[in-house]
Amino acid sequence: MATDLVPFKTSSAGIVAPEIKAPRGNVLATLALAGPAAAGLATAAATGSIMAAVAGVAIGAVAMFSPKIANQWERAVVLKFGRYVGMQGPGVFWVIPGVHQVAAWIDQRTVTSPFAAEQTLTSDAVPVNVDAVLFWTVYDPEKAALEVQDYRQAVSWAAQTALRDIIGRTSLTELLRGRMHIEKELQALIDERTTPWGVSVHSVEMRDVVIPASLQDAMSREAQAAREKQARIILGEAEVEIARLFEKAAEPYQANPVALQLRQMNILYEGLKQKGGMMVVPSTMVESMGPAGIMAATAMMQQQQAAAAAPATNGQPEDPSALRVIPDLPVFGGDG
């Protein structure tokens, strides 16, 4: 059986090495070998001549190299005495052994080629490692076979050099934030270089951008400081907004002291409804409440103390830590 060479294989490191594909045997080649060999053996058995058997096997051995089968996605580069005569496939085609030669099989499916740029300096002198994947297709098998020696190797090196070129004129910030723009620029650059070889680049995707660990730590601290600064700014803006709202809410009470007293009493009442706490009322607030407010506060305090001293309906004493109002009151009255 014939052995066809697929001369290029791209590794993950971007190094291209020759690859030998498994023998491309087919049914027609087997029949081409078995037919003449069987006829020669039959002739030898009938005539008793060994040369007939040898001739039949020799003819079959040569004929087995004549039929070729190309898969649907393949094109075969056929040379005649070293000169290009055309592309064959897909399907069955025949060659004359010793005259024609299948130099290469061109795969026209989409190929994925990983490539990388290691320790490449950006425009701001930061060393980075970039991993990317290239998606490309051979659209013209004739150009891929005749215009470039190793089209797979050429595509690989074109991708690597283009990636290094773009990294060298891009800052680290642009490289991290503008991946989509860089991928489109990289695709256009590689496609421009590979189009004369019959290769079309569909897309380029950057898988990872690795920066030094020390720089990662510095960028992390910088991001944390920026977030803390933003949080403090937001908190300050909230305080300013709250102060403006309080100022606006105080405007109705400036011209209406009665409303202010009612509001103070409402605040005091709402605080007294809760348990387990202590309320300290400033003397200025009590003074602004006037005698009526003082009497109301005193009555609520007495009511609360009586409720705390009385036993509960279920036989359990009330919580001794009930809310207590301790007004910082000035001394009122005279001798009595």
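Presented here is a report on the structure given in the accompanying data block. (Residues numbered from 1 in each chain as written. Predicted model: local features only at pLDDT ≥ 70, side-chain atom pairs only at ≥ 80, totals over all residues. Heavy atoms only, no water.)

**Examining the overall build of the chain**
Secondary structure assignment for the chain yields nine helices and 12 strands. Expressed as a percentage of its 336 residues, the buried residues of the chain come to 31%. Within the chain, residue pairs in contact and separated by at least 24 positions form 64% of the contacts whose partners lie at least 6 positions apart. (Helix = DSSP H or I, 4+ residues; strand = E, 2+ residues; numbered from the N terminus. Buried < 20%, exposed > 50% of the residue type's maximum accessible area, 1.4 Å probe, protein only. Contact = heavy atoms within 4.5 Å.)

**A few points about the sheet that holds strand E7 (residues 100-107)**
Within the open sheet, the three strands sit side by side as E5-E4-E7. Their pairing is antiparallel. Two strands bound the open sheet, and with one partner strand each, they are strand E5 (83-88) and E7. Strand-to-strand twist across the sheet, computed as the mean angle between neighbouring axes with direction ignored, equals 25°. Pairing between strand E4 (residues 74-80) and E5: five bridges, direction antiparallel. Bridge pairing in E5 places Lys80 opposite Arg83. (Pairing = 2+ DSSP bridges. Axes fitted to C-alpha atoms, helices over the stretch in contact; angles between N-to-C directions.)

**Some remarks on the side chain of Ser171**
Tracing the backbone shows Ser171 in the loop between helix H4 (151-168) and helix H5 (172-177). Apart from residues no more than four positions distant in its own chain, Ser171 is found in contact with Thr122, Ser123 and Asp124.

**Comments concerning the sheet that holds strand E9 (residues 127-138)**
Judged by pairing direction, the sheet is antiparallel, and its three strands sit side by side in the order E8-E9-E10 without closing on themselves. Every interior strand has two partners, whereas the edge strands, strand E8 (111-121) and strand E10 (199-210), have only one. Across this sheet, the average inter-strand angle for adjacent strands is 25°, counted without regard to direction. Pairing of E9 with E10, which is carried by 10 bridges, proceeds in the antiparallel orientation. In the sheet register, Asp131 faces E10, and the bridge partner there is Asp208. Most of the contacts of helix H6 (residues 179-194) go to E10, to which it runs at about 140°, and overall it touches E8, E9 and E10.

**Focus on the packing of aromatic side chains**
This model, assessed by the stated rule, comprises two aromatic pairs. Taking 6.1 Å as the distance between ring centres and 50° as the angle between the ring planes, the aromatic pair formed by Phe93 and Trp105 counts as tilted. In this pair, Phe93 sits in strand E6 (residues 91-94) while Trp105 sits in strand E7, placing the two residues 12 residues apart along the sequence. Of the two residues examined, Phe93 and Trp105, each falls in the buried class. A centroid spacing of 6.1 Å and a plane angle of 80° characterise the contact between Trp136 and Tyr151, whose relative ring orientation is edge-to-face. On the criterion of sequence distance, the pair formed by Trp136 in strand E9 and Tyr151 in helix H4 is long-range, its members being 15 residues apart. Assigned by exposure class, Trp136 and Tyr151 land together as buried. (Phe/Tyr/Trp six-rings, centres within 6.5 Å; stacked < 30°, edge-to-face > 60°.)

**Description of the pattern of salt bridges**
Between side chains of opposite charge, pairing is possible as soon as their charged atoms come close. By the definition in use, this model includes four salt bridges. Residues Arg169 and Glu185 are paired through a salt bridge, measuring 2.8 Å at the closest nitrogen-oxygen approach. In this pair, Arg169 is assigned in the loop between H4 and H5 and Glu185 in helix H6, connecting sequence segments 16 residues apart. A relative accessible area of 27% means that Glu185 is categorised as partly exposed. (Salt bridge = Lys/Arg side-chain N within 4 Å of Asp/Glu carboxyl O.)

**Things to note about helix H1 (residues 27-47)**
Over its 21 residues, H1 extends 30 Å from the first C-alpha to the last, a length consistent with the 30 Å expected when each residue adds 1.5 Å. Of the residues making up H1, those classed as buried are Ala29, Ala32, Ala37, Gly40 and Ala44. Summarising the axial view, the buried residues of H1 lie within an arc of 100°, below the 170-degree limit, and thus occupy one face. For H1, the exposed residues set more than 90 degrees away from the buried face come down to Val27, Leu31, Ala45 and Ala46. On its buried side, H1 packs onto helix H2 (50-63) and strand E3 (67-70). Once H1 finishes, Gly48 follows within two positions and takes phi at roughly 80°, a positive value. (Expected span 1.5 Å × (residues − 1). Arc of directions from axis to C-beta.)

**What about the nonpolar core?**
Leu134 and Trp136 are the most contacted members of the largest nonpolar core, which has 38 residues in total. Secondary structure elements with two or more residues in this core: E4, E7, E8, E9, H4, H5, H6 and E10. Per element, the largest residue contribution to this core is nine residues, and it comes from H4. Those residues in contact with Leu134, other than ones at most four positions away along the chain, are Val111, Thr112, Ser113, Phe115, Val155, Ala159, Ile190, Val201, Ser203 and Val204. Counting seven residues, the second-largest nonpolar core is a separate cluster that includes Ala70, Phe93, Val95 and Val102. (Core = buried A, V, L, I, M, F, W, Y, C linked by side-chain atoms within 4.5 Å.)

Nothing here speaks to function; it is all geometry.
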